[in-house]
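# Fold and contact review
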Amino acid sequence: MSSPLFKAKFRIVENTKAEKENDPTHKMPMEFTLDDARAAAQYLIDMANKAKDEGTTIRKYTGQNEFFEVAGFTSWLSLWDQSGSWAPMPPKADSTKIENTQRRKAFVKIDDLEGNENIPF
């Protein structure tokens, strides 16, 4: 099993200095060693290039149910109670990526099915 490219720890803390109603209720400090910071920067550059090459997109929300798609990618963090880590694994091989993309496309939202009378169930 491969190791993460880097590991940056974070924690979620209450924002005790919130003054205005729209100030965040919590903050998330993230800690990087110098080597992990460089690896994280390279990871983001590599993933941005990969997203551009593969044409992957993310949703950019302008409202609760309003969005448009833009070129991008998703990176996941792990959380246990109030602390966690960002430790992405090396990107999967192209054949695995294609298989996962096809599996993801097999799922649809109920909203996508509205008004379609040709659904066999």
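Note that the structure is predicted; figures quoted are calculated from it, not measured. Per chain, residues are indexed from 1 in the order of the written sequence. Per-residue local features are limited, in this predicted model, to residues with pLDDT of at least 70; the limit for side-chain atom pairs, both in listing and counting, is 80 or more; totals at the level of whole chains, interfaces and linings are taken over all residues. Processing note: side-chain calculations cover all non-hydrogen atoms of the structure and skip hydrogens and water entirely.

Working definition: helices are DSSP H or I runs of at least four residues, strands are E runs of at least two. Numbering for both runs from the N terminus. Scanning the protein chain from terminus to terminus reveals 3 helices and 8 strands. When the helices and strands of the protein chain are placed in sequence order, the string is β-β-β-β-α-β-β-β-β-α-α. Here's how the labels work: a residue is buried when its accessible area is under 20% of the maximum for its type, exposed when over 50%, partly exposed in between, all with a 1.4 Å probe on protein chains only. Classification of the 121 residues of the protein chain by burial places 13% in the buried group. Put simply, 50% of the contacts in the protein chain that link residues at least 6 apart link residues at least 24 apart. We get accessible surface area from the Shrake-Rupley algorithm with a probe of 1.4 Å; when it comes to residues, only the shown protein chains can shield them. Taken as a whole, the protein chain presents about 10300 Å² of accessible surface, with 53% of it coming from carbon and sulfur. Here, two residues are considered to be in contact whenever any of their heavy atoms come within 4.5 Å of each other.

All right, on to the environment of V70 then. Looking at the secondary structure, you find V70 in strand β6 (residues 67-71). Ignoring any residue separated from it by four or fewer positions in sequence, one finds V70 in contact with T56, T57, I58 and K60.

This part takes up the sheet that holds strand β1 (residues 8-11). Spatially, the 4 strands line up as an open sheet ordered β4-β1-β8-β7, and their pairing is antiparallel. A single partner strand is all that each edge strand has here, and the edge strands are β4 (30-31) and β7 (78-80). Two strands pair if DSSP finds at least two bridges between them. In the sheet, β1 pairs with strand β8 (residues 83-86) via 4 bridges, with the strands oriented antiparallel. Within β8, the residue paired with F10 across the bridge is G84.

Let us now look at the nonpolar core. Residue types Ala, Val, Leu, Ile, Met, Phe, Trp, Tyr and Cys, when buried and joined through side-chain atoms within 4.5 Å, form a set referred to as a nonpolar core. Among the nonpolar cores identified, the biggest contains 5 residues, and these are F6, A40, Y43, M47 and W86. It is helix α1 (residues 34-54) that contributes the most residues to this core, 3 residues altogether. Ignoring any residue separated from it by four or fewer positions in sequence, one finds A40 in contact with F6, F32 and W86.

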